[in-house]
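Working through the structure, step by step
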Amino acid sequence: MTNSSTEAGVEKQRDRTSRVHLSIVIPTFNEADNIRVLIERLSRALRNTSYEVIVVDDDSPDGTWKVAQELAGKGYPVRVIRRIGERGLGTAIVRGLREARGEFIVVMDADLQHPPEIVPRLYEEALKSRADVVVASRYARGGGVKGWSRIRLLISRAASLLAYVLLAESRRTSDPMSGFFLVRRSLVEKLRLRGRSWKVLLEILAKAPGARVSEVPYVFEQRYSGESKLGLRAMLDYVLDLLRLGEYRALKFVTVGATGTVVNLAVLWLLKGVLGVTEYVAFPAAFETSLTWNFFLHDRWTFQGKRGEPGPRGWLRYWAKYHGAALGSMTSYLVIGIGLTKLGINYLLAGLTGIVVGFLANYLISQYGVWSLHSQASRED
Ligand code: GDD
Ligand code: MN
C-alpha cells in the first residue's frame, strides 16, 4: 500500500503497536520485592493477550527500576520509566498513561493488593460492555477487603460517600477511590489529565462525565511486602482534590444558598414586616423569589456550562425542573415557616429554620435530579 520503504517501516511499526491490546501502568516507589512476583503473575494471567507493562518508578532507593529492567532483559514485555527528581502517585500514573500504546490501559498498584488475575476480567468486561472505564471495585457485589478493621472499613465508606456528595460524577462507580481500573486509551487522549490528585480515577470521572463506566468486583488483598506510602496528609489532600475536581461546586452551592437566604428573609420582612401581608402569601412569595434568584446564580455560576439545553427555552425548562426539585424543600419551608410563625415564633427565625431544613435536600436533588451530573447520557465531548 505504501511505496517508499520508510513509509512501509512506519506502517509496519504502527501495525505492531496497534496489536498491543492492553497496557498495564504500574506506579512504583520502593516495591523491589513485589514487582517481580507481580510481573510473573501478570504474564501467567495474560497468556492469551498481547500486553505491555509500563513501570513508572520514581528512582526508588531500593532499586525497583533495576529489578524491572532485569525482568525486561529476560524477555518480559516491560518498559521502565525512571523518573528522576519527580515524586507523586498521580503524576506517575498520568506519565504512564501517556506512554501506553495499547487500546486499553489498566492502572494498578505494585504491591499485589490488586490481584493480577483480575486484569483479564477488566479487559473482557470492557470488550463485552463497550465501556470506556472499567473499575475494579471492592464494593461491588462479590468484592471485598481482606484484613481490614471495622474502623478502616468505615473510613473508606465515608470517603466514598464524601466523593458522592462533593463530586456527583463519581456516582457512576461503587468504588470511586479505587486505584485499580481500566480505561480506553482514546478517552485518555481526549482528557487533559494532570495527576495533581493521587486518585486519577476520580480525575477521569470528573473530566469525562459522558464516559461509559462498568465494574468488576475484586477482593483487595493485604500488602505483599513493604509499606503503604499514603498517610494522613493524603486524606486531607483527598478532600481538597474532590472540591477542585468538582470545580468547587459544593462551595459555590453553599455561597449561592447564603445569598438566597438573605433575599428570602428580605422579601419576607418587606411583605410581612413592612406591608403587613399575611404569612400565607408572604412565605410563598419569599420562597419563589429566592428560588429564582438561586436558580439564576446556579445556572450562571455553580453549574456554569453544564446546562444541556442552551438559550432561553433551555433556561425556562431548567427553571421549571429546578422547581420540581425544590418541591421537597418548598414543602418543608412552608410548613416549618408558617407553622412556627403560627406557634408564636418570630417569622424571620421561622423562615430561617425552614430554609436550613430544606437546604441539604435541595443540594442533593440539584446535582442528581436537575443537572444530572452522575448520568451516563449527559454531555460527551
Ligand atoms: N511512582 C510513584 N511515585 N509511585 C508511588 C508513589 C509515588 O510517589 N507513591 C505510591 N506509589 C505506588 C506504590 O509503590 C504502589 O505501587 C501504589 O502506588 C499504591 O501505593 P500504596 O502505598 O500501596 O497505597 P495504598 O495501598 O495505601 O492505597 C492504594 O489502594 C487504595 C485502595 O484501593 C492506592 O491504590 C489508592 O489509590 C487506593 O485508593
Ligand atoms: Mn498498597
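Residues numbered from 1 in each chain as written. Chains lettered and ligands numbered in written order. Predicted model: local features only at pLDDT ≥ 70, side-chain atom pairs only at ≥ 80, totals over all residues. Heavy atoms only, no water.

**Points about the confidence of the model for the protein chain**
Predicted confidence across the protein chain gives a mean pLDDT of 91, with 93% of residues reaching 70 or more. Overall, residues 376–381 carries pLDDT values under 50, and its contacts beyond four positions in sequence, including any with other chains, amount to 15 contacts. (pLDDT = per-residue confidence, 0-100. Contact = heavy atoms within 4.5 Å.)

**Digging into the domain arrangement of the protein chain**
Assigned domains within the protein chain: domain 1 (2–245) and domain 2 (249–370). Distance from the C-alpha centre of domain 1 to the C-alpha centre of domain 2: 43 Å. Buried surface at the junction of domain 1 and domain 2, both sides included, amounts to about 620 Å², of which 50% is carbon and sulfur. The tally of links between domain 1 and domain 2 comes to one salt bridge. Ionic pairing is found between Arg-249 and Glu-169, a salt bridge with its closest N-O pair at 2.8 Å. On the surface where domain 1 and domain 2 come into contact, there are one residue pair in polar contact (both at pLDDT 80 or more). Element by element, the count of residues in the side of domain 1 that touches domain 2 is highest for helix 6 (residues 150–166), at three residues. (Domains from an automatic or database assignment. Buried area = accessible area lost by both parts, 1.4 Å probe. Salt bridge = Lys/Arg side-chain N within 4 Å of Asp/Glu carboxyl O. Polar contact = N/O pair within 3.5 Å; in protein donor to acceptor, adjacent residues only side chain to side chain. Helix = DSSP H or I, 4+ residues; strand = E, 2+ residues; numbered from the N terminus.)

**Here's the deal with the side chain of Asp-241**
With respect to the element layout, Asp-241 can be found in helix 9 (residues 232–245). Of the residues examined, Asp-241 reaches a relative accessible area of 9% and is grouped as buried. When residues no more than four places from it in sequence are discounted, the contact partners of Asp-241 are Arg-196, Ser-197 and Trp-198. (Buried < 20%, exposed > 50% of the residue type's maximum accessible area, 1.4 Å probe, protein only.)

**Observations concerning the sheet that holds strand 2 (residues 51–57)**
Strand pairing within a sheet occurs via backbone hydrogen bonds; the two strands may be parallel or antiparallel. Strands sit in the order 3-2-1-4-7-5-8 across an open sheet of seven strands; the sheet is mixed. Edge positions in the sheet fall to strand 3 (78–82) and strand 8 (213–217), since each of these pairs with one other strand and no more. The sheet shows a mean angle of 20 degrees between the axes of neighbouring strands, taken without regard to direction. Relative to strand 7 (residues 181–184), strand 4 (residues 104–107) is paired through four bridges, and the arrangement is antiparallel. Following the sheet pairing, Val-107 is matched in strand 7 by Phe-181. (Pairing = 2+ DSSP bridges. Axes fitted to C-alpha atoms, helices over the stretch in contact; angles between N-to-C directions.)

**Concerning the packing of aromatic side chains**
Considering all chains together, one arrives at nine aromatic pairs under this definition. Consider the rings of Phe-180 and Tyr-218, whose centres lie 5.3 Å apart with planes at 85 degrees: the pair is edge-to-face. With Phe-180 in the loop between helix 6 and strand 7 and Tyr-218 in the loop between strand 8 and strand 9 (219–220), the pair connects residues that are 38 residues apart, well separated along the chain. Judged by its relative accessible area of 0%, Phe-180 is buried. (Phe/Tyr/Trp six-rings, centres within 6.5 Å; stacked < 30°, edge-to-face > 60°.)

**Description of the site of ligand 1**
Around ligand 1 sit 25 residues, and of these Glu-31, Asp-109, Met-177, Lys-199 and Lys-229 come closest. Contact distances for ligand 1 include 2.7 Å between an oxygen atom and a side-chain N or O atom of Gln-113. Protein contacts shield 94% of the accessible area of ligand 1, which totals 740 Å² for the unbound molecule. Within the residue set of the shell around ligand 1, elements represented by two or more residues are strand 1 (22–28) and helix 4 (89–99). Residues that form the shell around ligand 1 fall into these classes: 10 nonpolar, six polar and nine charged. (Near = heavy atom within 4 Å. Areas by Shrake-Rupley, 256 points an atom, 1.4 Å probe, with all protein chains shown as cover. Nonpolar A, V, L, I, M, F, W, Y, C, P; charged D, E, K, R; others polar.)

**With respect to the environment of Leu-360**
By the element assignment, Leu-360 lies in helix 14 (residues 347–370). We classify Leu-360 as exposed; its relative accessible area is 53%. With 49 residues separating them in the primary sequence, Leu-360 and Gly-311 have C-alpha atoms 29 Å apart.

**Some words on the pairing of strand 3**
Examined bridge by bridge, strand 2 and strand 3 share five bridges and lie parallel to one another. By the bridge assignment for strand 3, Val-53 is matched with Val-78. Read from strand 2 through helix 3 (residues 64–73) to strand 3, the crossover connection turns out right-handed. (Right-handed = clockwise from strand over helix to strand, strands pointing away.)

**A closer look at the coordination of the manganese ion (ligand 2)**
Coordination angles at a metal have ideal targets, namely 109.5 degrees for four tetrahedral donors and 90 or 180 degrees for six octahedral donors. Looking at the metal site, the manganese ion (ligand 2) is ligated by Asp-111 (OD) and Gln-113 (OE1), spaced 1.9 to 2.0 Å from it. The same class applies to Asp-111 and to Gln-113, which are both buried. (Donors = N, O, S within 2.8 Å, 3.2 Å for Na, K, Ca; no water.)

**Structural notes on helix 6**
Taking 1.5 Å of rise per residue, 17 residues should cover 24 Å, and helix 6 covers 24 Å from first to last C-alpha, within 8% of that figure. For helix 6, the complete set of buried residues consists of Ser-156, Ala-159, Ser-160, Ala-163, Tyr-164 and Leu-166. (Expected span 1.5 Å × (residues − 1).)

**A word on the pattern of salt bridges**
When charged atoms on two side chains of opposite charge get close, those side chains can pair. Tallied over the entire structure, the rule returns 26 salt bridges. The shortest N-O distance in the salt bridge between Arg-101 and Glu-52 comes to 3.6 Å. Highlighted residues: Arg-101 in the loop between helix 4 and strand 4 and Glu-52 in strand 2, separated in sequence by 49 residues. Salt-bridge contacts for Arg-249 lead to Glu-247; the nearest nitrogen and oxygen are separated by 3.8 Å. In this structure Glu-247 comes out as partly exposed when scored by relative accessible area, which is 42%.

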